[in-house]
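Analysis of the macromolecular model
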Amino acid sequence: MASVGNGYLATIVGTNTQYISGVFNGLNTRDPSHRARIPATLAITVAESTPYACALDLQNGIYYRRSTVSKYPGAYVEQKWYVHRTLRNVAVHVLTLHPASSSAPITVSLSNNAGSPSSDFNFTATNTTNTQTDMNGYILVPEEPGSPHVQVALSYTTTPGTFTGTNGNATWVAYSVAYTSLEEQDPVAAAHTQYVDMTQAAERDVEAAHKQGWAQLWVSGIEVGGDLHLAQAINSSLYYILSSVRDDWHYSLSPGGLASNGYNGHSFWDVETWMFPSLALLYQDLASSVLQYRFDRIPGAQAKAKSYTPPYAGAMFPWESAFTGQEVCPSSAPTGQLEQHISGDIAY
């Protein structure tokens, strides 16, 4: 499945998980620190439906799916998902019913694939109605003793058991808003307030602003003529990088992108060696964000340098970096202690 994201929040469409950049759970190299799993809030499934067309719109950062519904021959359901490019805390799902005829009513059963409770948080629901759910929780194990127990607050549309359309096409819009204590003193209030604001906005205007955000990004890019497969490979690679980093949230990149917990969501020297050059050429504000991540974690690099016997002077960036900038390579792997080229690669 494809993923949608905006550098702050990302998910693989349809899975039971979403991630926020910079939110980790687990003790340094021992657990180890890893991306904290947040249960999905917009993984909406339609019962008794069969997808027959799916598409990831790279230009606009939107994933589309069309499905037939077995008990309504000729009818179909269209869904689209996006994580808003400019409203960084907002994700959107839109479901439209297309009956076989304008007068035929159609009712579908809906559910949200949230999966099992997260083992990374102590989430509790603070408000649940037929239309809105609020929940929040703290990570269970900070990366280092004394590191904060980061709080995440969610406010999202409650998935109804059924949705009915009559007299032609009918549309149901679901929003999900996420905030953390990394950015707000009261993330619960921030999430709730923005969710209410979203429900009062016209979805077409929300989507238009999202598309405009992506259009501003794609002003820079790489055009390839005469080789469609190469063009697709380049633009999809850029899309997944752009979906995982932003200029107002300095938590860098990781292998597999923000929608994945691959390599525990850690930042390696690969960022500066392989990802940074294209950002520096095309998106200087995003490249600056990646560098700011390292600058902000110089104290962690200094602590790593001092951890050796005898201690090194200065800063020694870790093989794997997450929240604090200290080494979080799993203790089962010796590379975290033995690799000596990391600072050179990052500085280069």
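Computed from a predicted structure; not experimentally measured.

Focus: the overall build of the protein chain
Secondary structure summary: the protein chain contains 8 helices and 17 strands in total. Relative to its length of 348 residues, the protein chain is compact, with a C-alpha radius of gyration of 22 Å against a globular reference of 20 Å. The C-alpha extent of the protein chain, read off along each of the three principal axes, is 80 × 55 × 35 Å. In the protein chain, which comprises 348 residues, the proportion classed as buried is 51%. Taking contacts inside the protein chain between residues at least 6 apart in sequence as the whole, the part at least 24 apart equals 61%. Here the protein chain carries 16 positive and 27 negative side-chain charges, and the mean point of each set is 3 Å from the other.

A closer look at the packing of aromatic side chains
Evaluated as defined, the whole model comprises 10 aromatic pairs. Their ring planes at 45° and their centres at 6.1 Å tell us that Y63 and W81 sit as a pair that is tilted. One end of the pair, Y63, is in strand 9 (residues 62-69); the other, W81, is in strand 10 (residues 76-83), with 18 residues separating them in the sequence. Across the pair, exposure class does not vary: Y63 and W81 are buried alike. Among the aromatic residues, those joined into a ring-pair cluster are W214, W218, Y239 and Y240. Across from the ring centre of W214, 5.4 Å away, lies the NZ or CZ of R85, which sits over that ring.

Section: the nonpolar core
Of all hydrophobic cores here, the largest spans 61 residues; its most connected members are V108 and Y283. With 5 residues, the top contributor of residues to this core is helix 4 (residues 270-282). When neighbours within four sequence positions are excluded, V108 is seen to be in contact with V46, V69, V77, L97, G161, T162 and F163. If you look at the next biggest cluster of nonpolar residues, it comprises 14 residues, including Y82, V90, Y175 and A190.

Some points on unusual backbone geometry
The residue after D31, namely P32, is reached through a cis peptide bond having omega -10°. The residue P32 is located in the loop between strand 4 (24-25) and strand 5 (34-35) in this model. Following T309, the chain continues into P310 via a peptide bond in cis, with omega recorded as -5°. Counting through the fold element by element, P310 comes out in the loop between helix 6 (298-306) and helix 7 (335-338). Positioned with a positive phi, N28 is a non-glycine residue whose angle comes to about 25°. Among the secondary structure elements, N28 is positioned in the loop between strand 4 and strand 5. Classification of N28 as buried rests on a relative accessible area of 8%. One non-glycine residue, Y263, lies in the positive phi region at around 55°. With respect to the element layout, Y263 can be found in the loop between helix 3 (228-242) and helix 4.

Observations concerning empty space enclosed by the protein
Tallied over the entire structure, the rule returns 3 cavities of 30 Å³ or more. For the largest cavity, the calculated volume is near 150 Å³. Taken together, 20 residues line the largest cavity, and the ones lying closest to its centre are T11, Q18, L42, A43 and W81. Among the residues forming the lining of the largest cavity, the class breakdown is 13 nonpolar, 7 polar and no charged. In this structure, the second largest cavity spans a volume of roughly 50 Å³. Taken together, G22, V23, F24, I139, P142, E143, S147, P148, V150 and F323 make up the lining of the second largest cavity. When its residues are assigned to classes, the lining of the second largest cavity shows 7 nonpolar, 2 polar and 1 charged.

Procedures and definitions
Residues numbered from 1 in each chain as written. Predicted model: local features only at pLDDT ≥ 70, side-chain atom pairs only at ≥ 80, totals over all residues. Heavy atoms only, no water. Helix = DSSP H or I, 4+ residues; strand = E, 2+ residues; numbered from the N terminus. Rg over C-alpha atoms; globule rule 2.2 N^0.38 Å. Buried < 20%, exposed > 50% of the residue type's maximum accessible area, 1.4 Å probe, protein only. Contact = heavy atoms within 4.5 Å. Lys, Arg positive; Asp, Glu negative; His and termini not counted. Charge placed at Lys NZ, Arg CZ, Asp CG, Glu CD. Phe/Tyr/Trp six-rings, centres within 6.5 Å; stacked < 30°, edge-to-face > 60°. Lys NZ or Arg CZ within 6 Å of the ring centre and 35° of its normal. Core = buried A, V, L, I, M, F, W, Y, C linked by side-chain atoms within 4.5 Å. 1 Å grid on protein atoms, 1.4 Å probe; cavity = no way out; pocket = protein on both sides within 12 Å on 5 of 7 lines; lining within 4 Å. Points joined across faces, edges and corners; volume = space filled by probe spheres on them. Nonpolar A, V, L, I, M, F, W, Y, C, P; charged D, E, K, R; others polar.

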